[in-house]
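Structural characterization, general
The lines below spell out each chain.
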Amino acid sequence: MGRREKRRQKWVSLFLLSVFAFSGTLIFPPGEAKAVTVADAQRYGVKIAAGSDHNLALKADGRVIAWGDNFFGQCNVSSDAQSGVVAIAAGSNHNLALKADGRVIAFGASGNGRCDVPAEAQSGVVAIAGGGSHSLALKADGRVIAWGDNYKGQCDVPAEAQSGVVAIATGYWHSLALKADGRVIAWGYNSKGQCNVPADAQSGVVAIAAGYDHNLALKADGRVIAWG
């Protein structure tokens, strides 16, 4: 088995886990997609997350714990992520932590600028998501911010994702956003059709998750849609 295929299978596995942990997304009761706040992040925010070869957990006291492969320092939790954290997300070899004051902290592999948190993500953030080597943050005003590796355009946030977004998710080289009207938007690498959002995912969606090169959407009626 080639290196790329091994990497792909690993990401498929970790993002199947994220369907249940909702890594980097917020999920609301069916039919209740809405504008989100930091309070929502505290209520619905991720408590566990899995990277390529490492794991994260968020303690009730707001402290982040990490374990597993530490080759890129992805398990060296920064001092700023040892208190006051309300949500976590894991990329391939980097991590994100959302503080109660709406600020994003990043640690681990820093290549491609994935840990260079932009000024816009240092306040007013309500949700986070980590991709292969890029990161997303959702602002309280419904705007998505992206930074890191933009090799496949995964950081080129489209106009539609710059307002009215209520949840975000990241694949390895692509990104997803869920609009308040229940519509899914996708951008970035489209080698497997992962950015071709099907008609059934363009309304009535209440939660999203992204795999290496595929996506899932949960409809308000309890149905799951998959593509990619």
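For the structure, check the block above.
Residues numbered from 1 in each chain as written. Predicted model: local features only at pLDDT ≥ 70, side-chain atom pairs only at ≥ 80, totals over all residues. Heavy atoms only, no water.

1. With respect to the sheet that holds strand E10 (residues 165-170)
Ordered by their spatial adjacency, 3 strands build an open sheet running E10-E11-E12, and the pairing between neighbours is antiparallel. Strands with a single pairing partner mark the edges of an open sheet, and in this sheet they are E10 and strand E12 (184-188). Direction aside, the axes of adjacent strands within the sheet are offset by 20 degrees on average. Strand direction decides the pairing type here: strand E11 (residues 174-179) and E12, joined by 5 bridges, are antiparallel. What sits directly across from Leu 176, in E12, is Ala 186. (Pairing = 2+ DSSP bridges. Helix = DSSP H or I, 4+ residues; strand = E, 2+ residues; numbered from the N terminus. Axes fitted to C-alpha atoms, helices over the stretch in contact; angles between N-to-C directions.)

2. Side note on the packing of aromatic side chains
Under the defined criterion, the tally for this structure stands at 5 aromatic pairs. Aromatic side chains Tyr 172 and Tyr 212 sit 5.0 Å apart centroid to centroid with 25 degrees between the ring planes, which places their arrangement in the stacked category. Placement of the pair is Tyr 172 in the loop between E10 and E11 and Tyr 212 in the loop between strand E13 (205-210) and strand E14 (215-219), with a sequence separation of 40 residues. Taken individually, Tyr 172 and Tyr 212 each receive the classification buried, so the pair is uniform in this respect. Look at Trp 173 and Tyr 189: their rings are 5.5 Å apart centre to centre, the planes differ by 75 degrees, and that puts the pair in the edge-to-face class. Of the two residues, Trp 173 sits in the loop between E10 and E11 while Tyr 189 sits in the loop between E12 and E13, which places them 16 residues apart along the sequence. What makes Trp 173 buried here is its relative accessible area of 17%. A network of ring pairs unites the aromatic residues Tyr 151, Tyr 172, Trp 173, Tyr 189 and Tyr 212 as a single cluster. (Phe/Tyr/Trp six-rings, centres within 6.5 Å; stacked < 30°, edge-to-face > 60°. Buried < 20%, exposed > 50% of the residue type's maximum accessible area, 1.4 Å probe, protein only.)

3. Some words on the pattern of salt bridges
Under the definition given, this model contains 11 salt bridges. Across the salt bridge formed by Asp 181 and Arg 183, the nearest N and O atoms sit 3.4 Å from each other. One salt bridge connects Arg 223 with Asp 200, and the closest N-O pair in it is separated by 2.7 Å. Of the two residues, Arg 223 is situated in the loop between E14 and strand E15 (224-227) and Asp 200 in the loop between E12 and E13; the sequence distance between them amounts to 23 residues. For Arg 223, a relative accessible area of 38% gives the class partly exposed. (Salt bridge = Lys/Arg side-chain N within 4 Å of Asp/Glu carboxyl O.)

4. A short note on the sheet that holds strand E1 (residues 48-50)
If you walk across this open sheet you meet the 3 strands as E1-E2-E3, and the pairing is antiparallel. Edge positions in the open sheet fall to E1 and strand E3 (64-68), since each of these has one partner strand only. Going across the sheet, the axis of each strand differs from the next one's by a mean of 15 degrees, ignoring polarity.

This is a description of form; function is not addressed.
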